[in-house]
Each structure stands twice: as structure tokens, then as C-alpha cells.
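Here is how the chains run, residue by residue.
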Amino acid sequence: PRPSGPQPLTRWKSKNWVPEFIAEVGRELKARHGWQGVLVGGNDAKEVCAMITRIAPDVFIDLAGKTDWSQFLALSAEAVCAVTPDTGPMHVMAAAGTPMIAVMGPTDPRRHGPYGDCSKVLQSKRRCLPCYHRDCVLGEEDKPSLCMADITPEMVLEAVEELLKELNYKEENA
């Protein structure tokens, strides 16, 4: 099975998507398509990636802190669809043409992308956006930002299916 590629952690706490939501999306994509999720990131992502793999065992390969840029690019090239917040790797994947669902929080996707025909952007409709705060000033300190928590696994799964249809993805071609 071809991989799907979540990048779960950003440098801004307010851009991080909910780990439990990542696990749920991974479980559902594996059930629907047989895809193996691949979690990538630096050493700073190890803790959150380990938590996601505990929540959804046998769904993800945890490569946090174990890949360099060339390996990341190779994984991205193999990914059927990445689900990613607004990160540097998101922009690299967009430039490489990796199909993706960008889960955007406090930044403006019209300004920051991703750009291209291979991506869909999901963002909360909160009036406070884009706020560009590194920490959500409206939410609780140890919780995901409100705008990121607004984006549900169901919304992401629907966007994945729409993107696959637009790209004429066929399981037998995987």
C-alpha cells in the first residue's frame, strides 16, 4: 500500500492539529484505502508522533527524528496524499506536487499557500482568523488552538476523497 504522510508538528503551537484527529484520519484512510500512514518530523516531533502511534497502533510508521531531507523528499514523492498543517515541509511537498490536504490555523492560506492543483485547504471560519498568534489567545494553554480543533477528521476525510476524485486516483494504480 502507498503511504499517506502526516506532518503533525509545527514550530507554532497554534498551527498544530489535534493528535487524536490525526490518528482518526489515519485509521480511516487505512480502512478505506489500505494506506500506511507515515509520521515525519524532527526530534521535537518524537513525543507527539509516539502519542499518535499509541492511539492508532499498526496505522502509522513513526519516522520522527529518523529522516533527513532527501529521505523526506523520497517519502513525499511516494505519498498518495499528505495531511499537513502549515509547515516548511508542507511547502516543499506542494512544490514537489505531492497531493495534500493543508489544515490551516492562524495563517492566511491566500498568502502562505499551499499553491497548485494538487492541494485543498481547510480552515476554520472563526472571525479571529488570520490572527498570526503563535499561541491561541482564546483557547486553553494545554489544548490545541480553537481554529485547529474546529477542523474535524470528517472534514479532512471528505477533502481527501474530493481531491482523489479530482486527480482521477484509482486504487489499482497505487
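On a predicted model such as this, the values are computed, not experimentally measured, just so you know. Throughout, residues of each chain are indexed from 1 in the direction in which the sequence is written. Totals for whole chains, interfaces and linings use all residues, but because this is a predicted model, local features are given only for residues with pLDDT of at least 70 and pairs of side-chain atoms are given and counted only at 80 or more. Side-chain figures throughout are based on the complete set of non-hydrogen atoms in the structure, without hydrogens or water.

(A) Structural view of the sheet that holds strand E4 (residues 82-85). A pair of strands is treated as paired once DSSP finds two or more bridges between them. Strands are runs of DSSP state E lasting at least 2 residues, helices are runs of H or I lasting at least 4, and numbering of each runs from the N terminus. One open sheet accounts for three strands, arranged E4-E5-E6; its pairing is parallel. Looking at which strands have only one partner, the edges of the open sheet turn out to be E4 and strand E6 (119-123). Sheet twist, expressed as the mean angle between neighbouring strand axes with direction ignored, is 20 degrees. In the sheet, E4 pairs with strand E5 (residues 100-104) via four bridges, with the strands oriented parallel. Its bridge partner lying in E5, threonine 84 is registered against alanine 102. Running over the sheet, helix H4 (residues 88-96) touches E4 and E5 and is turned about 150 degrees from E5. We call two residues in contact when some of their heavy atoms are within 4.5 Å. Under this scheme, a helix contributes an axis fitted over its contacting stretch, all axes are lines through C-alpha atoms, and angles between N-to-C directions fall in the 0 to 180 degree range. Helix-sheet contacts for helix H7 (residues 153-166) involve E4, E5 and E6, and the interaxial angle to E6 is about 160 degrees.

(B) Local environment of helix H1 (residues 19-33). Here a helix's expected span is defined as the number of its residues, less one, multiplied by 1.5 Å. With 15 residues, H1 extends 21 Å between its outermost C-alpha atoms, agreeing within 8% with the 21 Å of an ideal straight helix rising 1.5 Å per residue. Only protein chains enter the accessibility calculation, which uses a 1.4 Å probe; a residue is then buried when its area is under 20% of its type maximum, exposed when over 50%, and partly exposed in between. All of the buried residues along H1 are Pro19, Phe21, Ile22, Ala23, Val25, Gly26, Leu29 and His33. Positive phi appears at glycine 34, one or two residues downstream of H1, with a value of about 75 degrees.

(C) Broad picture of the nonpolar core. Among the nonpolar cores identified, the biggest contains 33 residues, and Trp17, Val83, Ile101, Val156 and Val160 are the most heavily contacted of them. Breaking this core down by element, the ones donating at least two residues are H1, helix H2 (46-55), E5, helix H6 (146-149) and H7. In terms of residue count, the dominant contributor to this core is H7 (six residues). If sequence neighbours within four positions are ignored, valine 156 has contacts with Trp17, Val25, Val83, Ile101, Val103, Leu122 and Ile151. Nonpolar cores are built from buried Ala, Val, Leu, Ile, Met, Phe, Trp, Tyr and Cys residues. Side-chain atoms within 4.5 Å join them into one set. If you look at the next biggest cluster of nonpolar residues, it comprises ten residues, including Val40, Phe72, Met93 and Met104.

(D) Up close: the packing of helix H3 (residues 69-78) against H4. Contact geometry of H3 with H4 gives a least axis separation of 10 Å together with a crossing angle of 55 degrees. When the axis of H3 is compared with that of H4, the two are oblique. The chirality of how H3 crosses H4 is right-handed. Facing H3, whose interface residues are Trp69, Phe72, Leu73 and Ser76, H4 presents Pro89, Val92 and Met93. Convention used here: angles under 35 degrees read as roughly parallel, angles over 145 as roughly antiparallel, angles from 65 to 115 as roughly perpendicular, and any remaining angle as oblique. A clockwise turn of the near helix away from the far one marks a right-handed crossing, whereas an anticlockwise turn of less than a right angle marks a left-handed crossing.

(E) Just the packing of H1 against H2, in detail. Between H1 and H2, the shortest axis-to-axis distance is 9 Å and the interhelical angle comes to 50 degrees. Between H1 and H2, the angle is such that the two are oblique. Classified by chirality, the crossing of H2 by H1 is right-handed. Contact residues: Pro19, Glu20, Ile22, Ala23 and Arg27 in H1; Val48, Met51, Ile52 and Ile55 in H2. Residues are sorted three ways: Asp, Glu, Lys and Arg are charged, Ala, Val, Leu, Ile, Met, Phe, Trp, Tyr, Cys and Pro are nonpolar, and all the rest, Gly among them, are polar. In the contact of H1 with H2, the residues fall into seven nonpolar, no polar and two charged.

(F) Quick look at the state of the cysteines. In this description, the term disulfide denotes a pair of cysteine sulfurs within 2.5 Å. Overall, the coordinates contain zero disulfides when judged by the stated rule. As a non-bridged cysteine, cysteine 49 has cysteine 81 as the owner of its nearest cysteine sulfur, 17 Å distant. You can call cysteine 49 buried: its relative accessible area is 0%. The thiol of cysteine 147 is unpaired, and the distance to the nearest cysteine sulfur, on cysteine 131, comes to 6.0 Å. Exposure remark for cysteine 147: the relative accessible area of 6% places this residue in the buried category.

(G) Inspection of H2 at higher detail. Listing the buried residues of H2 in full gives Val48, Cys49 and Ile52. All buried residues of H2 fall inside an arc of 100 degrees around its axis, so they share one side. Of the residues in H2, the exposed ones pointing more than 90 degrees away from the buried face are Glu47 and Arg54. In this context, the arc is that of the directions from the helix axis out to the C-beta atoms.

These results come straight from atomic positions and should not be treated as a statement about function.
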